[in-house]
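Listed below are the residues making up each chain.
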Amino acid sequence: MDPFRLAAEALKSSGLTIAVTGAGISAESGIPTFRGNDGIWTKYPPDEYATIDAYNADPDKVWKFWLELAATLGGSQPNPAHYALAELEAMGKLEALITQNIDNLHEVAGSNNVIEYHGNAHWLVCPRCRHRDPLDLSQQTNSPPYCFCGTLMKPDVVMFGEAIPSQALVESARLAETCNCLIVVGTSAQVYPAARLPVLARQNGAFIIEANIEETDFTASVTHAFLKGPAGETLPKLVGYVKG
Ligand code: BV8
Ligand code: ZN
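I will try to describe carefully the structure that is included in this document. Remember, predicted model here, so these are calculated numbers, not experimental data.

What follows covers the layout of surface pockets. One number sums up the size of the second largest pocket: a volume of about 270 Å³. Surrounding the second largest pocket, 15 residues form its lining, R130, R132, D156, V158 and P165 being those nearest its centre. Per-class residue counts for the lining of the second largest pocket are 6 nonpolar, 3 polar and 6 charged.

It is worth spelling out the site of ligand 1 at this point. R35, V158, T187, S188 and N212 are the nearest of the 31 residues found near ligand 1. Backbone polar atom of V158 to a nitrogen atom of ligand 1: 2.7 Å apart, as the coordinates give it. Taking N212, its side chain carries an N or O atom lying 2.7 Å from an oxygen atom of ligand 1. A total of 1,500 Å² of accessible area belongs to ligand 1 in isolation, and the protein chains cover 73% of it.

Here we have 6 strands laid out as an open sheet, ordered β3-β2-β1-β7-β8-β9, and parallel in their pairing. At either margin of the open sheet sits one strand with a lone partner, and together these are β3 (114-116) and β9 (225-228). Each adjacent strand pair in this sheet contributes to an overall mean axis angle of 15°, direction not counted. Bridge count between strand β8 (residues 207-212) and β9: 4 bridges; the pairing is parallel.

Before going further, it helps to spend a moment on the pattern of salt bridges. Within this structure, the stated rule accounts for 7 salt bridges. Linking R174 and E171 is a salt bridge whose minimum nitrogen-to-oxygen distance equals 3.0 Å. One end of the pair, R174, and the other, E171, are both in helix α8 (residues 166-178), 3 residues apart, so they sit about a helical turn from each other.

Criteria and thresholds
All residue numbers refer to position in the chain's written sequence, counted from 1. For this description, chains carry letters from A and ligands carry numbers from 1, given in the order in which they are written. Note on the predicted model: pLDDT of at least 70 is required for a residue's local features to be given, and 80 or more for side-chain atom pairs to be given and counted; whole-chain, interface and lining totals, by contrast, use all residues. With hydrogens and water excluded, all non-hydrogen atoms of the structure serve as input to the side-chain values. Here a cavity denotes grid points, spaced 1 Å and computed from the protein atoms alone, that fit a 1.4 Å probe unable to get out, and a pocket denotes an open set having protein on both sides within 12 Å along at least 5 of 7 lines; residues with an atom within 4 Å of a point are the lining. Grid points are joined across faces, edges and corners, and a volume is the space filled by probe spheres set on the points. Residues are grouped as follows: Ala, Val, Leu, Ile, Met, Phe, Trp, Tyr, Cys and Pro are nonpolar; Asp, Glu, Lys and Arg are charged; all remaining types, including Gly, are polar. Near, as used in this document, describes a residue that has one of its heavy atoms within 4 Å of the molecule or strand being considered. Polar contact is defined as a pair of N or O atoms within 3.5 Å, subject to the rule that within protein one atom must be able to donate a hydrogen and the other to accept it, and that residues adjacent in sequence are counted only when both atoms are side-chain atoms. We get accessible surface area from the Shrake-Rupley algorithm with a probe of 1.4 Å; when it comes to residues, only the shown protein chains can shield them. Any two strands between which DSSP finds at least two bridges are classified as paired. Numbering of helices and strands runs from the N terminus; a helix is a DSSP stretch of H or I covering at least four residues, while a strand is a stretch of E covering at least two. Angles run from 0 to 180 degrees between N-to-C directions of axes, and those axes are lines fitted to C-alpha atoms, restricted for helices to the stretch in contact. Here a salt bridge means any side-chain nitrogen of Lys or Arg lying within 4 Å of a carboxyl oxygen belonging to Asp or Glu.

Rendered as structure tokens:
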């Protein structure tokens, strides 16, 4: 059966549907993904630039990478894939959206119930007192700013070796365990604990829809309906089937 028809039927009959998104959903917004040929990690190895130990060891070096990444994100706009998920939410067919992305594009596209599993690059946070400030890109400083409590602030993103914010962790696990349908979009399924969410949902009997340009570790073992292609095309097509 046509995977779009299968996926649309599952969505229509699902009482609680959630989405899990990764960098691939923002690829058509011009944001490079992490892995893959021209991925961010090819230029900036994650163990040098995206771990909390690297940040603590040399904040200025890592700060320069985050400013550059935030500047790339700053100029980007949502693409039809982001709008398709926002439309499903507006249709009452998507309860929550868990994103690994830090680009804020789901919020800009109109999704309301977004769980930022890996934080948000447009904010700074104090590791000590949790005070947050918006990241002011016009301040191209060489070093991160200090919090009023005297501690060096950091980008409000979850770096490797840092814990997922506890509220996001608990709420996402609850949703994965109780949903009837989960749409996983544009993730290589390499990063934990985010990569556990579709597995958890499948174990609890949910119907898994996967949208990706290529197969992943989920496709053979977790996915029921694989929508192959760019999410900017597959997700609007899926919404069309749901409406049809
Ligand atoms: C933690 C920060 C514990 C911001 C990120 C060994 C085994 C298992 C786990 C570990 C291990 N060693 C270490 C760990 C833990 C580690 C981990 O999982 N490492 C991996 C690499 C093995 N995890 C952690 O450290 C996590 N924390 O475990 O803490 C702890 C507990 C208590 C107290 C202290 C500590 C923290 C993980 C979060 C790290 N932060 N990002 C940022 O840089 O964005 S992760 C980074 O990878 C991004 O957030 C990104 O979202 C995430 C996943 O990547 P993807 O989104 O999947 O993107 P990717 O490029 O990989 O793939 C893109 C996909 O899109 C591809 O499939 C492609 O085909 C597809 N695609 C492309 N174009 C399109 C498309 N699809 C559709 N349409 C298109 N057009
Ligand atoms: Zn502080």
